[in-house]
Amino acid sequence: MRISPLVKSFQPYKVLEGDYRIWLDKNENPFDLPPEIKEEIFEELRKTPFNRYPHITSMPLREAIAEFYGVSPENVAVGNGGDELLSYLMRIFDGEYVVTTPPTFGMYYFYAKLDGIPIVEVPLDENFIMNGDKIAEKAEKASLVFITSPNNPTGNTQPREEIIKVLDTGVPVVLDEAYAEFSGESYVDLIDEYDNLIILRTFSKAFSLAGARVGYFLASEEIVDALYRIKSPFSLNALTMVTAKVMLRHYDVVMEKVNYIIKERERIYREFKDYAYPSEANFILMKLNAYEFLLEKGIVVRKLGGRLEGYIRVTVGRREENDELIAALKEFVEGIK
Ligand code: PMP
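Bear in mind the structure is a predicted one, so any value in this text is a computation, not a measurement. (Residues numbered from 1 in each chain as written. Predicted model: local features only at pLDDT ≥ 70, side-chain atom pairs only at ≥ 80, totals over all residues. Heavy atoms only, no water.)

(A) Up close: the site of the ligand. Inspection of the region around the ligand gives 13 residues, with Gly-82, Asp-176, Tyr-179, Thr-202 and Ser-204 positioned closest. Within the backbone of Asp-83, an N or O atom sits 3.1 Å from an oxygen atom of the ligand. Lys-205 has a polar side-chain atom sitting 3.4 Å from a nitrogen atom of the ligand. Classifying every residue of the shell around the ligand by side-chain character gives three nonpolar, six polar and four charged. (Near = heavy atom within 4 Å. Polar contact = N/O pair within 3.5 Å; in protein donor to acceptor, adjacent residues only side chain to side chain. Nonpolar A, V, L, I, M, F, W, Y, C, P; charged D, E, K, R; others polar.)

(B) Inspection of the pattern of salt bridges at higher detail. Going through the model one piece at a time under the given rule, you end up with 24 salt bridges. Where Arg-46 meets Glu-43, a salt bridge forms, and the shortest distance between an N and an O atom there is 3.1 Å. Taken together, the positions of Arg-46 and Glu-43, both in helix 2 (residues 35–46) and three residues apart, correspond to about one turn of that helix. By relative accessible area, which is 58% here, Arg-46 ends up exposed. For Glu-331, the salt bridge goes to Lys-297, with nearest N and O atoms at 3.3 Å. Here Lys-297 lies in the loop between helix 11 (291–296) and strand 10 (299–300) and Glu-331 lies in helix 12 (residues 319–336), a separation of 34 residues in the sequence. Residue class for Glu-331 comes out partly exposed when judged on its relative accessible area of 44%. Linked through salt bridges whose partners overlap, the residues forming this network are Glu-40, Glu-44, Lys-47 and Arg-249. (Salt bridge = Lys/Arg side-chain N within 4 Å of Asp/Glu carboxyl O. Helix = DSSP H or I, 4+ residues; strand = E, 2+ residues; numbered from the N terminus. Buried < 20%, exposed > 50% of the residue type's maximum accessible area, 1.4 Å probe, protein only.)

(C) Representation of the packing of helix 2 against helix 9 (residues 238–248) in the model. With their axes 9 Å apart at the nearest point, helix 2 and helix 9 run at an angle of 135 degrees to one another. Accordingly, the angle class assigned to the pair helix 2 and helix 9 is oblique. In terms of crossing hand, the pair formed by helix 2 and helix 9 is right-handed. On helix 9, the residues touching Ile-37, Glu-40, Ile-41, Glu-44 and Leu-45 of helix 2 are Leu-239, Val-242, Thr-243, Val-246 and Met-247. Broken down by class, the residue content of the contact of helix 2 with helix 9 amounts to seven nonpolar, one polar and two charged. (Axes fitted to C-alpha atoms, helices over the stretch in contact; angles between N-to-C directions. Parallel < 35°, antiparallel > 145°, perpendicular 65-115°, else oblique. Left-handed = near helix turned anticlockwise from the far one by under 90°. Contact = heavy atoms within 4.5 Å.)

(D) View of the nonpolar core. Ranked by internal contacts, the top residues of the largest apolar core, which has 113 residues, are Phe-217 and Met-286. When residues of this core are assigned to domains, at least three fall in each of domain 1 (5–30 + 252–336) and domain 2 (49–248). Dropping the residues within four chain positions of it, Met-286 is found in contact with Ile-268, Phe-272, Tyr-275, Ala-276, Tyr-311, Ile-312, Val-314 and Leu-329. (Core = buried A, V, L, I, M, F, W, Y, C linked by side-chain atoms within 4.5 Å. Domains from an automatic or database assignment.)

(E) Inspection of the packing of aromatic side chains at higher detail. For the coordinates displayed, the defined rule picks out 17 aromatic pairs. A ring pair is formed by Phe-31 and Tyr-260, whose centres lie 4.8 Å apart and whose planes are at 85 degrees; its orientation type is edge-to-face. Here Tyr-260 lies in helix 10 (residues 251–271) and Phe-31 lies in the loop between strand 1 (22–23) and helix 2, a separation of 229 residues in the sequence. Here the aromatic residues Phe-68, Tyr-69, Phe-203, Phe-207, Tyr-216 and Tyr-251 are joined through ring pairs into a cluster of three or more. Its guanidinium or amino end placed over the ring of Phe-10, Lys-113 lies 4.4 Å from that ring's centre, counting from NZ or CZ. (Phe/Tyr/Trp six-rings, centres within 6.5 Å; stacked < 30°, edge-to-face > 60°. Lys NZ or Arg CZ within 6 Å of the ring centre and 35° of its normal.)

(F) The arrangement of the pairing of strand 7 (residues 197–202) in detail. The buried count for strand 7 comes to six of six residues, which makes it a mostly enclosed element. Covered by surrounding structure in strand 7 are Leu-197, Ile-199 and Arg-201 together with Ile-198, Leu-200 and Thr-202, the residues of both alternating faces. For strand 6 (residues 173–176) and strand 7, the ladder comprises four bridges, and the chain directions are parallel. Directly across from Leu-175, in strand 7, lies its bridge partner Ile-199. Two elements, strand 7 and strand 8 (residues 215–218), share four bridges in a ladder whose sense is antiparallel. From the neighbouring strand, Thr-202 faces strand 8, where its bridge partner is Gly-215. (Pairing = 2+ DSSP bridges.)

(G) Fine view of the sheet that holds strand 7. Strand order in this open sheet of seven strands is 2-8-7-6-5-3-4, and the pairing throughout is mixed. At either end of the open sheet lies a strand with only one pairing partner, and these are strand 2 (76–79) and strand 4 (119–121). The average undirected angle you get between the axes of adjacent strands in this sheet is 25 degrees. Bridge analysis of strand 3 (residues 97–100) against strand 5 (residues 142–148) gives three bridges, and the strand direction is parallel. Counted as the bridge partner of Val-99 is Val-145 from strand 5. Where helix 8 (residues 221–230) meets the sheet, it contacts strand 2, strand 7 and strand 8, and its direction lies at approximately 30 degrees from that of strand 2.

What follows is the structure in structure tokens.
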């Protein structure tokens, strides 16, 4: 048996073993769904036939999302997490390479490598802002450009005028807005104007559904049609589809939690202004080499590398979790003074 060298060049997933109390490492929502919403989901699940395959193009959920945004279901694609959609978007367009703007989300690299697609990097500047002109220079031969706003792991949004410079070249652009609900800023309105724009969203963050695995994108009919020619037919399961549909009816609850998280984010940021970057997401980038220190205290955050070696990314948790994080980080900062 010979495992391909490409496959071997990937690292196995690491599961962090240990007795940790506070998980602030995956940008999850710290709030599970309220019991009454869970009951509503269970009611819907009772009516759902488990023996049948789900709708082959996920139409019931696409219709619900389309209604939420006031667009046509033909402009909506849904997948098993935003990640699955990224893996397909990578393959839809013709070109020599994809463009990324590091430091940014690792899954763009993961799927490009898996598909043998070269990556051209146009790094963000020292304030983590993109350069639309430099990306536009690379656009002609690119199959796709990835822009992330708010960016993971830096937390900042990207300026509308820079995004437009890239869109104006006609190159397909994935504008990854996984964290948009926490920024109050979205570029969804641009889909009316640009048929090369793909707005990627997820139910994993603001909607508290990371465990259900559901993401979607809004784009032109041509792009959505292309996606449904190659997407694994039943990858979005019937249980998830029902769950996401129920959550769309409770946007008020979603936004209540989002507002709580934003308040907490600003509280943490104020405490560590000298080390933290302003964020418009549900996490904060900090120039503090505190990963191991926090782990010792039972708090798990994300350790970063490369250009962000020595930095951590901290997900905003519940108030009492954040209290513990703040206390631990204050102790760490005292120690390095
Ligand atoms: N884009 C970005 C920038 C993300 O951080 C994430 C989640 N980590 C995703 C997309 C995809 O999330 P999911 O697959 O859970 O929908």
